[in-house]
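Each chain, written out:
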Amino acid sequence: MTIPSRPDSPCDRLGKIGDVDASRALPLVEEMRKRIPWTESAWEAMFEAARTAPDPTLYFLNLSRLSDSLPPDDLAQAYERPETARVLGAFLGGSESLPEQLAMRQDVFSVLFLERGYERTGMPDSLLSEAAELSDRCAIEEEIKKALRRWKFREVARIAVRDLARLSDLTEVMADLSSLASAALGGAVRFARRQLSERYGAPMIETVGGDRRECGFVILGMGKLGGHELNFSSDIDLVYLYETEQGTTEGGQGGEPVTLHQYFVRLCEMITRILSEVTEDGFVFRVDLRLRPDGTKGELANSLRSAEIYYESWGQTWERAAMIKARPVAGDVWVGEGFLRIITPFVYRKYLDFTSLEEVKEMKDRIDLASSRARKHERDLKLGAGGIREIEFFAQAHQLIYGGKNPDLRRRGTVETLRALVGAGIVSQKECGTLEEAYGFLRSLEHRIQVYQDRQTHALPQKEGDLLRLARAMGVPGGPALTEEIDRHTGKVRAIYDSLFRAAPEEAGPEISPAVLAVLYPESEEEDIADRLSALGFTDQEAARRNVAMLKDGPSFTRMPVRARRYLGKIAPLILDQVVRSPDPDMALHHMERFLSAVGARTMFYALLFENRKVID
C-alpha cells in the first residue's frame, strides 16, 4: 500500500535515510510524533541521529520502546542537545539487548542522557567506593546480588554507549570493563567476609612477633581480566588464595570456630555465587575457576604455600602462560603481589631448556587445533586463522622464551608486550604495528558483535543486514568492505604467526582422526561428547567418558610429574586412535584404563610408549 506523503512529512524524511525499512519505521515515528512533546530542533535531531545510526530500523524500534516506557518529556529533553542525539543514534542503532533493558530503568536513562553521564570516563577508585557502599547497605545475600546487578548494568550501558559512539578507544573500553569487574569483586569480598565473620568469627593468625591479626586473602584476575583487556561478554578467570592454613576463626554468634581452609572455601563459594548466579536481574559476571591449581580437581581456595608447592612441583607450561597476566584484583593486594614474586622463577625461567621449547610448540599446536575447529564458522574473530588468539599467543610465547632474562618483557597487556618486544629487538617495528592494528580492529569488532545481543560469541554473522550494521558501527562503507578489511588483518597476522618456530619439517607422524581429537580435546569442558563416543563405536558412553578423561589427564588420585604428563599428552591420541580401530572399542578402552592405572605416574613407561610407537599398536 502506498502511504500518502507531503513535503517534510515523516514518510519523506524516512525516504532520505538510507538502509531503513520505512514500512516498519513509519508507524513508530507517527506514534512518537503524537506522544512526545517534540520541539522543532529535537524533531530534527531525532531524524539526524537515524542517518548516522549503525542500523536505522533498529534505532526507530528501540526509540519506540523507550517512548513506551519513559516519561515523554525525558526523550524530548534528551534530543534537545545534538551531541546527545548523535550518541543515542549510535547506541539505539547498535544494540538490541541493552536498550531493551534501559527501557525498564528510567534512572539509568536519566543518568546517561539527561545528566550526560555518557561523557564520564571510567574512574576505578569511584567504582570501588560505590561497590563498597553497596556492600555496606546490604544485609542479606539477595540484596547484594540485586544491587550489584543493577549497578553493573548502569556501568556496562555507559561503557557501551561510549564505545558505539566512538567516544572511547579500545584501551579505555577494556580498562573500564576490567575495573568494573574488579570493583564488583571487591564489593562481593567485603560483603562475604562480613557475613562469614559474623557467623564463624574473624579468621585469625599469629604473626612472628606473637601478635594476632586477620588472615590475608586475595583474588587473582587471570586472562583478559588480569591484562586489563576484558570484553563485553567475557567470563572472569579467577584464582582464590589465602595467606596460611595455620589458624582458626574466633567463633561467631553462637557458631563454632572453623579452620581457615573451611572459612575461605565458604568465602569463595559465596563470592562466586554473588557474582555468577543467574537471578531475575541476570548476573554480574560469569566466573571461571578452571585456572586454579589442579584445575577442576583442585581446591576452590588455596593457601599460598600449597599453591607455591603445586606450581613448583606440577605446574605445566600452559599454567606458566596463564600466570603471565595474573594480577591481584580484589581482597588484600599485598598478598597477591607477594605470591606473584614467589612464583616468578616458575613463570619466567632464567634458562630455557629444549623441553620448554617443545612445550611451547605444543601450546601452539593446541591453538592451531582450536583454530581448525573454528572453521565451522566462516569467520571466528577469536579462534580463526589470524584471529585474536594468535596475536595473544605470539606475544606470550615470546615472553615465555625471553622473559626469564629480560624483565622488561614481563607485562600483562598484549599491546604493551608487543611494544616491549620491539624494544628488546625481538620483533620488528613493522610486525608490531601490523599486529597492534589487527588486534585493535578485531577486538573492537568483537565488542560490537557482543554488545548487539549481549551474547558470548566471536563469530561474524552471515546475514547481509547484520554485516551492514557492523560495518557502519566500525566506520566501514558496507558489508563487503568489512569482510575485506577482516581478511586483510587476519592474513597479515597469520603470516607473522606462522613464523613462530618455523623450521625444517619433522618426520610426519600417523594421521589421527579428527573425531578422535574432538573427543580428547572438546571445545569446552561443558561439551557433551556422548554422541561423539557413540559415533566412534563405544556402546557404554559413561564408562568411555571416564576412561577417555583418564587417558587425557592421567590416572585418578595420581600426581603425575611434568615429563610424564607431557608424554601422556603426546601418546593419548595415538592410543585412542588404536582403541577405536580395534574389534571391540569398549573392551580395548577398558583394558587400556587398567594398564595405565597400574602404570600410575612412572615416567619411564610413558616415555617407552612415546619412543616406540609399535608398542602402542
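The structure displayed is predicted, hence computed values, not measured ones. (Residues numbered from 1 in each chain as written. Predicted model: local features only at pLDDT ≥ 70, side-chain atom pairs only at ≥ 80, totals over all residues. Heavy atoms only, no water.)

Turning our attention to the overall build of the protein chain. The helix and strand tally for the protein chain stands at 30 helices and seven strands. Its C-alpha radius of gyration of 28 Å places the protein chain within 12% of the 25 Å reference for a compact globule of 617 residues. Counting only C-alpha atoms and orienting by the principal axes, one finds that the protein chain spans roughly 85 × 65 × 55 Å. Taken over 617 residues, the protein chain has a buried fraction of 53%. Here the analysis covers contacts within the protein chain between residues at least 6 apart in sequence; of these, 73% occur between residues at least 24 apart. (Helix = DSSP H or I, 4+ residues; strand = E, 2+ residues; numbered from the N terminus. Rg over C-alpha atoms; globule rule 2.2 N^0.38 Å. Buried < 20%, exposed > 50% of the residue type's maximum accessible area, 1.4 Å probe, protein only. Contact = heavy atoms within 4.5 Å.)

Below, the discussion takes up the confidence of the model for the protein chain. On average, residues of the protein chain carry a pLDDT of 88, and 90% of them reach 70 or more. Low pLDDT, under 50, characterises residues 1–7; the stretch is placed with seven contacts to residues that sit more than four places away or in other chains. pLDDT under 50 marks residues 503–508. Its contacts with residues more than four places away, or in other chains, come to one contact. (pLDDT = per-residue confidence, 0-100.)

For the second largest pocket, the calculated volume is near 520 Å³. As for the second largest pocket, its lining consists of 25 residues, and the residues nearest its centre are Gln101, Lys152, Phe153, Asp281 and Asp454. Secondary structure elements with two or more residues in the lining of the second largest pocket: helix H7 (97–102), helix H10 (141–164) and helix H21 (429–453). Looking at the lining of the second largest pocket element by element, the count peaks at five residues for H10. Among the residues making up the lining of the second largest pocket, the classes are represented as nine nonpolar, seven polar and nine charged. (1 Å grid on protein atoms, 1.4 Å probe; cavity = no way out; pocket = protein on both sides within 12 Å on 5 of 7 lines; lining within 4 Å. Points joined across faces, edges and corners; volume = space filled by probe spheres on them. Nonpolar A, V, L, I, M, F, W, Y, C, P; charged D, E, K, R; others polar.)

Membership of the largest hydrophobic core comes to 101 residues, with the highest contact counts inside it found for Phe60, Tyr79, Phe113 and Tyr240. If you tally residues by element for this core, the top one is helix H11 (residues 170–200), at 13 residues. Beyond its immediate chain neighbours, meaning those up to four positions away, Tyr240 contacts Phe217, Val218, Ile219, Cys268, Ile271, Thr272, Val287, Leu289, Leu300, Ala301 and Asn302. Among the nonpolar cores identified, the runner-up in size contains 60 residues, and Leu170, Met222, Val347 and Ile367 belong to it. (Core = buried A, V, L, I, M, F, W, Y, C linked by side-chain atoms within 4.5 Å.)

What follows deals with the packing of helix H15 (residues 317–324) against helix H19 (residues 388–402). Viewed as axis vectors pointing N to C, H15 and H19 meet at an angle of 105°, and their least axial separation amounts to 10 Å. As far as their axial angle goes, H19 and H15 are roughly perpendicular. Counting all contacts with H15, which are made through Thr317, Arg320, Ala321 and Ile324, the residues of H19 involved are Gln396, Gln399 and Leu400. Residue composition of the contact of H15 with H19, grouped by class: three nonpolar, three polar and one charged. (Axes fitted to C-alpha atoms, helices over the stretch in contact; angles between N-to-C directions. Parallel < 35°, antiparallel > 145°, perpendicular 65-115°, else oblique.)

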